[in-house]
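Coordinate analysis (summary)
One letter stands for each residue in the lines below.
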Amino acid sequence: MSAPARQVHTFCRICEPGCGLLATVDSGRVVGLRPDPDHPVHRGFSCHKGPHYLDVHSDPDRVDHPLRRVGTGGRRAGDFVRVSWDEAVRDIAGRLGEIRDKHGRNALAVYQGNPSAFNGLYYANAARIARGFDTRMRFSAGTQDTSAKYAASEAVYGASMAHPIPDLLHTHYFLCLGSNPQVSHMTLIHISDPMAKLRAIARRGGTVLFVNPRRIESSTPETGDVLLITPDTDFYFLAGLLHEIVFRIGFDRAAVERHARGIEELLAFVSRYPVERVAGVTGISAATIARVADEFCAAPSASIYMATGVNQGRLGTLAYWMLTMVSLFSGNLGRRGGNIYSRGVADVVQNSRRRRADPFFDGPFGEIRTVGGDLPAAMLPDFIEQADDPIRALIVVSGNPLLSIGGGDRLRRALESLDLIVTVDLYRTVTGEIGDYILPATDWLEREDINFLNTMGVAMEPYVQYTPAVVEPVGERRDDWWILSRIQQEMGTPSLLDDPEDGPLAAVDAVLREADLTVETLKTKPCQTEVLPEAVPSDVFDIAVQHDDGLIDCCPDLFRRSFDDAERVLEGLVAEPDDQLKLITRRTHFMVNSWLHNISVLKQGVHQDNPVWMNPDDMRRRDLVDGDDVTVRSRHGAVPAVVVGDDTLRDGVVAMTHGWGQGRARGLNVARRHPGVNVNQLAPTGAAGYDPLSNQSHLTGINVEVVRRRQRSGVANITEYF
Ligand SMILES: Nc1nc2c(c(=O)[nH]1)N[C@H]1C(S)=C(S)[C@@H](COP(=O)(O)OP(=O)(O)OC[C@H]3O[C@@H](n4cnc5c(=O)[nH]c(N)nc54)[C@H](O)[C@@H]3O)O[C@H]1N2
Ligand SMILES: Nc1nc2c(c(=O)[nH]1)N[C@H]1C(S)=C(S)[C@@H](COP(=O)(O)OP(=O)(O)OC[C@H]3O[C@@H](n4cnc5c(=O)[nH]c(N)nc54)[C@H](O)[C@@H]3O)O[C@H]1N2
Ligand code: SF4
Ligand SMILES: [Mo]
């Protein structure tokens, strides 16, 4: 008789909430995956993507064995054959040895993609694994995502991981810039069911106000309105808001001085941006900005937050600085209902302490820095193409740089010129397709894990959860930490595989011990979960600030490097024609970056393609109708698309979804039938493609034109958009 089905408490690792899920296992196979009603924080909340992960787990297109490229004709030809792990790692290590003997240690580059942040065993050991490769050429998805915030906090608080989160459980006013919680569930704040929290703010008489170029799904009668801003102008909006607070409304100087220095320097800077000066470029009137400042200061408590929509602008770092100062000078930093630091399981903020006041060094293309160890991904082609010390080999772990970084064809040509590309992935992606080895990773139903991110100081309701592997890995899939360590072992480098006592869990336990926990004790708790004490508002000042004098720096010298840029960008915006179109990115419920594209149930209706969404007035002015085939063109590239009217967009704004463009991924049988186009063809690459303060890629507010190629090809069911 076979054993009865069993239930395993586990959690989703697609995005930051990490929703609790309950897996049903029968005869060694996962037969069900649903929201976990017993989870003490999520209490049965998840979005539809978590349960759909079962389709990723059992997708026949998954890579189950190491694959090696064979055949001649370059990176676009040939095919892949199955090899053993030993064969794969020996050959990779041997080729890396030769490449480094010839070109030096920095000929090897490593790119770490987004899912590795949700892989606790990998993440806890990521710094050690990165050191093991002994290269300065480190890149990650972080520079497309959120490095603007890291760089700003490093300068302002003295620690890149100091991020006071909006206290959404208590706030009376929430100002939310460049984020769409309903679709994306927020980032650099871990919060369960964010929409329920936003509705609760409104229900208790508070205000939620979004600042966004689109009337986003998150804005409903139960939450709040949207101020429709011109893309890539949030810095000016925030500077204008701060100007109102410090020069018109007034602030408690003694209270600010208790926690901060550099006040006069900040005031001098902000004096450049009165609302009358910034209103025009932001598209939000001076009176409205003044009203928001009044409301923010009059509310019993007010909180503020920004995410990728602002980070990815040209002045994301300065914008986050202004945002922090709005919180501080309005008296809301470190206050219940304002912005608070949530310590979580340990004082991890100390690990991100600033090492040098000026992090810049001389690079081959002028001064450059790293953020969290990473160089700007926008410069990857430049580092490959340079004559001296070029990158010749690339290891990609859980990333798809061909689609996630700007640069399109130039990036592809640069990657295709490499001597060795290794991808570690669930799938044979477009990046894997031009590679030499595709190494099969376990998915999160196949590995033990810990929600390590929730220990990082940004959890609204902090808890720590362990999960066992729900089932054994299929085929020869291996954990990411194991794969990279195995390559290092073969390279003769000390690795996590050397000492079984010192395995990947040791680093997790080291953190847990600060809260008197271990993985073993977690295993004995309901849902293997320990709920941690809630955030103490004053911890912003007592823990998050890491400068030696314990004070927040209101005007870090480092930012002066970009003061002229802030003026130059403003002048550029003022000089633009009135009908300039600007491109933004639109995430949907039916994708996560470049993955989940091989899940057929997510390919329905309009989600079978990525059209260019356009305001109907802009379409009329250009004589375009729904379904027209158009070319979207920027200074950096062009893509074909079908135009679809969308009256949620501000005038002059067009939107596309990133992560599409898997047409050449021959191993993805669903995704390549719905290829769409890579919107990052339109984004800049190279030195002009990123914010030098933070290495953050410029991916929003890109000037484009949309011209008709053909009339009305028709598009399936265009009204169906959730
Ligand atoms: N234009 C534009 N570009 C953007 C963005 C945007 O808003 N607009 N957003 C940016 C953001 S926020 C991010 S985070 C980046 C993402 O950039 P990347 O991380 O480079 O790209 P992803 O598409 O997330 O690719 C993740 C890959 O990891 C694989 N994967 C999933 N789970 C695992 C695992 O457990 N192990 C391994 N080894 N592989 C796994 C997936 O199959 C997928 O191929 O893209 C950025 N690019
Ligand atoms: N369904 C789904 N969920 C996801 C992801 C996904 O791809 N799909 N990705 C995950 C990842 S890796 C991340 S980092 C998070 C990101 O989480 P969020 O940062 O919340 O991401 P988005 O939903 O893309 O929200 C960005 C918003 O910025 C707006 N925007 C664009 N340009 C500007 C601008 O210049 N100014 C302002 N004020 N707004 C602007 C866009 O209209 C959009 O609504 O989401 C995560 N969750
Ligand atoms: S919100 Fe994110 S973590 Fe939660 S189920 Fe959906 S994809 Fe998973
Ligand atoms: Mo991201």
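Residues numbered from 1 in each chain as written. Chains lettered and ligands numbered in written order. Predicted model: local features only at pLDDT ≥ 70, side-chain atom pairs only at ≥ 80, totals over all residues. Heavy atoms only, no water.

**Some thoughts on the sheet that holds strand S26 (residues 629–633)**
The strand order around the closed barrel built from six strands is S24-S28-S25-S27-S26-S31, with neighbouring strands paired in mixed fashion. Averaged over neighbouring strand pairs, the angle between their axes works out to 45° when direction is ignored. Two elements, strand S25 (residues 612–614) and strand S27 (residues 638–645), share three bridges in a ladder whose sense is parallel. Bridge pairing in S27 links Met614 to Gly645. (Pairing = 2+ DSSP bridges. Helix = DSSP H or I, 4+ residues; strand = E, 2+ residues; numbered from the N terminus. Axes fitted to C-alpha atoms, helices over the stretch in contact; angles between N-to-C directions.)

**Topic: helix H21 (residues 505–512)**
Within H21, the full set of buried residues consists of Val508, Asp509, Val511 and Leu512. All buried residues of H21 fall inside an arc of 160° around its axis, so they share one side. Residues of H21 that are buried sit in contact with helix H3 (120–124), strand S20 (449–450), strand S21 (463–467) and helix H22 (519–523). (Buried < 20%, exposed > 50% of the residue type's maximum accessible area, 1.4 Å probe, protein only. Arc of directions from axis to C-beta. Contact = heavy atoms within 4.5 Å.)

**Points about the pattern of salt bridges**
Overall, the coordinates contain 55 salt bridges when judged by the stated rule. Among the ionic pairs, Glu446 bridges to Arg62, the shortest N-O distance being 3.6 Å. Separated by 384 residues along the polypeptide, Glu446 in the loop between strand S19 (437–440) and S20 and Arg62 in the loop between helix H1 (49–57) and strand S4 (67–70) bring together distant segments of the chain. Of the two residues, Glu446 and Arg62, neither departs from the other in class, the shared state being buried. (Salt bridge = Lys/Arg side-chain N within 4 Å of Asp/Glu carboxyl O.)

**Here we look at the packing of aromatic side chains**
Remark: the centre distance and the inter-plane angle together describe each pair of aromatic rings, the angle taken between the planes. As enumerated under the stated definition, the model contains 18 aromatic pairs in all. Relative to Trp482, the ring of Trp85 has its centre 5.3 Å away and its plane inclined at 85°; by these criteria the two rings are edge-to-face. Of this pair, Trp85 sits in helix H2 (residues 85–103) while Trp482 sits in helix H20 (residues 480–490), and the two are 397 residues apart along the sequence. Each member of the pair Trp85 and Trp482 is classed as buried. An angle of 25° between the planes, with centres 4.3 Å apart, marks the rings of Phe269 and Phe563 as stacked. Taken together, the residues span a long stretch of sequence, with Phe269 in helix H11 (residues 263–270) and Phe563 in helix H24 (residues 563–575) at a distance of 294 residues. In this structure an aromatic cluster arises from ring pairing among Phe235, Tyr236, Phe269, Tyr273, Trp321, Phe559 and Phe563. In this structure, Arg478 is placed above the aromatic ring of Trp482, and the distance from its NZ or CZ to the ring centre is 5.2 Å. (Phe/Tyr/Trp six-rings, centres within 6.5 Å; stacked < 30°, edge-to-face > 60°. Lys NZ or Arg CZ within 6 Å of the ring centre and 35° of its normal.)

**Description of the site of ligand 1**
Around ligand 1, 29 residues are found, and the nearest of them are Tyr111, Asn114, Asp425, Ser594 and Asn680. One of the backbone N or O atoms of Asn114 is found 2.6 Å from an oxygen atom in ligand 1. Take Asp425: an N or O atom from its side chain is 2.7 Å from an oxygen atom of ligand 1. For ligand 1, whose accessible area on its own is 920 Å², the fraction buried by protein is 98%. Contributions of two or more residues to the shell around ligand 1 are made by helix H5 (142–145) and strand S18 (420–425). Residues that form the shell around ligand 1 fall into these classes: nine nonpolar, 15 polar and five charged. (Near = heavy atom within 4 Å. Polar contact = N/O pair within 3.5 Å; in protein donor to acceptor, adjacent residues only side chain to side chain. Areas by Shrake-Rupley, 256 points an atom, 1.4 Å probe, with all protein chains shown as cover. Nonpolar A, V, L, I, M, F, W, Y, C, P; charged D, E, K, R; others polar.)

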